[in-house]
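Each chain, written out:
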Amino acid sequence: MDQARAVIVGGGVAGASIAYHLTDLGWTDVVLAERADLTSGSTFHSAGLVGQLRSSVSLTRMMMYSVELYRRLKAETGVDPGWHEVGSLRLASSAERIEELQRLAGWGRTFGLPLAIVSTEEALERFPLFDPEGVLGAAHLPTDGYVDPSGLTMALAEGARRRGCRILTGARITGIDIHDGLVRGVTFDGRDPIRTDVVVDAGGIFANQLGRMAGVEVPVVPFAHQYLLTEPIDGVHPALPTLRDPDRLVYFRAEAGGGLVAGGYEREPAPWAWDEQGPSAGFNNELLPADWPRFEPLAEGCFGVIPAMQSAGVVRMINGPEAFTPDGEFILGASDIGGFFVAAGFCAHGIAGAGGVGKVMAEWITRGRPELDVWKMDFRRFGRHYRSRTYARDRASEVYATYYDIHYPGEERRAGRPLKMAPTYARLADLGAEFGEKAGWERPNWFATNQDERFEELRPRGWAGRHWSTAIPAEHLATRERAGLFDETSFAKIEVSGPDACPFLQRICANDVDVPPGRVVYTQLLNERGGIESDLTATRLDPRRYLLITGTAFGNHDLAWIRGQARPADDVDVRDVTSSLACLALWGPRARDILTSVTPTDLSNETFPYMSQQDIVVGDVPCLALRVTYVGELGWELYPPMEFGLKLWDILLEAGRPLGMVPAGYRAIDSLRLEKGYRAWGADITPEETPLEAGLGFAVKLDKGEFTGRDAVRQAAATDPGKRLSCLVLADPRSVALGNEPVFADGEVVGRVTSGGVGYTVGKSIAFAYLPTDLAWGGSSLAVEVFGERVDAEVAADPLYDPTGERIRS
């Protein structure tokens, strides 16, 4: 039987890039298998635009790497990828869009990208064809451009071939052999099977069908995406920058011969072959019939931007399927099947990201994880509910329809809701809950019944004040002064049990979790580089059982990470128990008084100290009670069996009302945790930062024995880490950093905001940012750029609120 170290399924630009980068890392025995011809899926009909600045740090870095790669491919491989570094223009036709561009410009500065806001006149000098009427300005990035998708694929494939990759065309996969949860090989239609331990699903619009061969659900949804090619237009030449007008939902680039490529993202998208059957086996090198009625609104937008198009003939309408995902992010990485990887769902910017995708995937396959933090793209972020093709379709349709929209902070998705609801859902709705959604769970952001117009003067300026309510400071202050009741049922809960539960967790946790039953430990789980893979609490329930509590959106990630650390000899069971337990948090200075009124348990410090756990009864409800906090106040998280959740809410609400307790939501939690200095995983702390850099060294016990990441942290402790997470206070309390804003010292960019908001108790606008160590300490004078305006800021002692921790231990 033939064999290979890895088989990549799908000969589009992603598959070719993965092959190129795997061989570059020394895996020469690689097969790239394509069902028809290279580029015959979605690649050949892509418009080819390449824009670098994206919604996350890692995705932007991937796009920047792509541009670096495309510049050198011709010299390296001898094949011209058709790279045209003509720059890009993004028009703004509204004040809100100008604000977005100002934010993008600040974001771009943190990467060293030469993005500049230019006047309408300057934009016209670069692209004289657009109608300046109503255009207020534009963003110009000279290092953007466009590429020939087929040429790029052929160049990458040639680079892989030169290093030993075998490229099979006309090789349709018919099965993936799985034994004991591990990949063992692939079978083909009309070809000999190949034995391999690694299969990469780079199947594009076929990715879902390929995944099902391995028992894996890949929630990509193909959409019919259209653009047209015009006859030559006076003034069009190859050096024209690419042009986007997101207010009119359209994009343009020059085409060889003097015409334009013009397309966009319509409000009424057309999912195609989205059900379980997927595209037909014979759909290769094909396009869909032109859908002129669906394109008509985009045509009107095109004519409005470039009037000359109205008299230009149309050479051809391209209507081809592109794979989108339910959240608009790529799907990359490992699956629950050992050796089965996925790289799919590129949401119409796979050409721009192909270089970065190949690099990330090759690192993942060969080294176990990529250099970048790609959690937002990690395949494992999707829960079981994405097995529903209708749910995936509805969510992806919303992504497509709002592709060019301005997405304000606090904006909530609407499609597919409600889906997962706590037992208190109806009661919270009756109390005026304004629900948000995370990982499919409905969660209260705030309660309309707590709105108080006295706090209107605290509304943040600009974008931060759009999805905001006076209920947020009201709930924040009520929690600080009296008590707040929070439904946290969506929190992910993982049980680790068995004879080896303790030694297993000791090996993967940075803190010492070998504690007596009834103790709660705050800890990080680190990778070999010392980066923070998980941030959670571990409660020892009995000698052989622990309960881990982590963030709502991170349950799948943490579960996969923990399971991935288990060795064959470990006698340990790791289970997701999220749906078996509700969670209500009672926090505030009156929390003990409220809870004491409904339980016979002694809640004094002496018998129930901070960071401890007991089984208690509240009214008639049995609860696992943890004395922990994420808001910096006295209180407990109460975990009853799910069926008791509603009863517990009613008991606590009735007991707390006379003492001024209020129901409160997640937006209050965020403002409370900011002024207390609590970190948020995925923003303030990621796999790229160590606990020492994040100011979490207190949660690392280097002397407890071996644990993952110990050597890296020990080495870091002996040197200057180079950067440290710092707390900044902005001079204007109503200018709010939303995340990703540049931080300046003496006019130079020295950092990027990781998260920000208002601390209503301290009355300050707060931002966290990693700064060089010489600037990271109290008193440093800096500036944060908020929508183009530099706001003075100062590094403050962290935390701003209750720095001694007296209140949480009261």
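Rules used throughout
- Along every chain, residues carry numbers that run from 1 in the direction the sequence is written.
- Local features in a predicted model are, by the rule used here, given only for residues with pLDDT of at least 70; side-chain atom pairs are given and counted only at 80 or more, and totals for whole chains, interfaces and linings are based on all residues.
- Only hydrogens and water are set aside; all other atoms, that is, all heavy atoms of the structure, feed into the side-chain values.
- Working definition: helices are DSSP H or I runs of at least four residues, strands are E runs of at least two. Numbering for both runs from the N terminus.
- Restricting the calculation to C-alpha atoms gives the radius of gyration, and the globule rule supplies 2.2 Å times the number of residues raised to the power 0.38.
- When accessible area is computed with a 1.4 Å probe and restricted to protein chains, residues below 20% of their type maximum are described as buried, those above 50% as exposed, and intermediate ones as partly exposed.
- We call two residues in contact when some of their heavy atoms are within 4.5 Å.
- Axes here mean lines fitted to C-alpha atoms, for a helix over just the part in contact, with angles spanning 0 to 180 degrees between N-to-C directions.
- An angle counts as roughly parallel when it lies under 35 degrees, as roughly antiparallel when it exceeds 145, as roughly perpendicular when it falls between 65 and 115, and as oblique in every other case.
- The residue classification treats Ala, Val, Leu, Ile, Met, Phe, Trp, Tyr, Cys and Pro as nonpolar and Asp, Glu, Lys and Arg as charged. All others, Gly included, are polar.
- Here a crossing is taken to be left-handed if its near helix is turned anticlockwise relative to the far helix by less than a right angle, and right-handed if that turn runs clockwise.
- A pair of strands is considered paired only if DSSP assigns at least 2 bridges between the two.
- Within this document, salt bridges are pairs made up of a side-chain nitrogen of Lys or Arg and a carboxyl oxygen of Asp or Glu, the two lying within 4 Å of each other.
- As used throughout, the charge tally considers Lys and Arg to be positive and Asp and Glu to be negative, leaving His and the chain termini uncounted.

(A) Region of the structure containing the overall build of the chain. On a plain count of helices and strands, the chain comes out with 17 helices and 39 strands. Against the compact-globule benchmark of 28 Å for 810 residues, the chain has a radius of gyration of 27 Å, which places it among compact chains. By the burial criterion, 62% of the 810 residues in the chain qualify as buried. Put simply, of all contacts in the chain between residues at least 6 apart along the chain, 72% involve residues at least 24 apart.

(B) Just the packing of helix α2 (residues 57-77) against helix α8 (residues 350-367), in detail. Axis separation between α2 and α8 bottoms out at 7 Å; the angle between their running directions is 100°. The angle between α2 and α8 places the two elements in the roughly perpendicular class. Contacts between α2 and α8 involve Met62, Met63, Tyr65, Ser66, Leu69 and Tyr70 from the first element and Ile351, Ala352, Gly353, Ala354, Gly355, Gly356, Val357, Lys359 and Val360 from the second. Residue classes in the contact of α2 with α8 are distributed as ten nonpolar, four polar and one charged.

(C) Fine view of the packing of helix α11 (residues 471-481) against helix α16 (residues 666-676). Following both chains from N to C, one finds α11 and α16 inclined at 55°, their axes separated by 8 Å at the closest point. Here α11 is positioned oblique relative to α16, judged by the angle of their axes. Helix-helix and strand crossings are classified by hand; for α11 and α16 the assignment is right-handed. From α11, Ile472, Glu475, His476, Thr479 and Arg480 reach across to α16, where they touch Arg667, Ala668, Ser671, Leu672 and Glu675. For the contact of α11 with α16, the per-class residue count stands at three nonpolar, three polar and four charged.

(D) Seen up close, the sheet that holds strand β32 (residues 635-639). Read from one edge of the open sheet, six strands run β30-β31-β32-β29-β23-β33, paired in mixed fashion. Strands with a single pairing partner mark the edges of an open sheet, and in this sheet they are β30 (613-618) and β33 (662-664). When the angles between neighbouring strand axes are averaged without regard to direction, this sheet yields 30°. Here β30 runs beside strand β31 (residues 621-626); their pairing, made up of six bridges, is antiparallel. Of the residues in β31, the one forming a bridge with Gln613 is Leu626.

(E) The arrangement of the pattern of salt bridges in detail. Taken as a whole, this structure holds 54 salt bridges when the rule is applied. In this structure, Glu96 engages Arg466 in a salt bridge whose closest nitrogen and oxygen atoms are separated by 3.7 Å. Of this pair, Glu96 sits in helix α3 (residues 95-109) while Arg466 sits in the loop between β22 (441-447) and α11, placing them 370 residues apart in sequence. Assessed through its relative accessible area of 31%, Glu96 is described here as partly exposed. For Arg466, a relative accessible area of 41% corresponds to the partly exposed category. The salt bridge involving Glu442 is made with Arg417; its shortest N-O contact spans 2.7 Å. You can see Glu442 sitting in strand β22 and its partner Arg417 sitting in the loop between α9 (389-401) and α10 (425-430), a full 25 residues away along the chain. What emerges from the salt-bridge pattern is a single network uniting Glu495, Asp542, Arg545, Asp573 and Arg575.

(F) Molecular detail of the side chain of Lys493. Here Lys493 is to be found in strand β24 (residues 492-497). The buried charged residue Lys493 lacks any salt bridge partner; its closest oppositely charged side chain belongs to Asp576, at an N-O distance of 7.4 Å. Aside from chain neighbours lying at most four places away, what touches Lys493 is Leu547, Leu548, Ile549, Arg575, Asp576, Val577, Thr578, Leu581, Ala582, Cys583 and Tyr639.

(G) Layout of unusual backbone geometry. For the bond running from Arg417 to Pro418, omega is -10°, close enough to zero to count as cis. For the peptide bond that leads from Asp798 to Pro799, omega is 5°, which places it in the cis range. For Leu249, which is not glycine, the phi dihedral falls at a positive 70°. Among the structural elements, Leu249 can be located in the loop between β15 (242-245) and β16 (250-255). The phi torsion at Asn740 lies on the positive side, around 85°, for a residue other than glycine. Relative to the helices and strands, Asn740 is located in the loop between β34 (723-730) and β35 (742-745). Judged by relative accessible area, which is 23%, Asn740 ranks as partly exposed.

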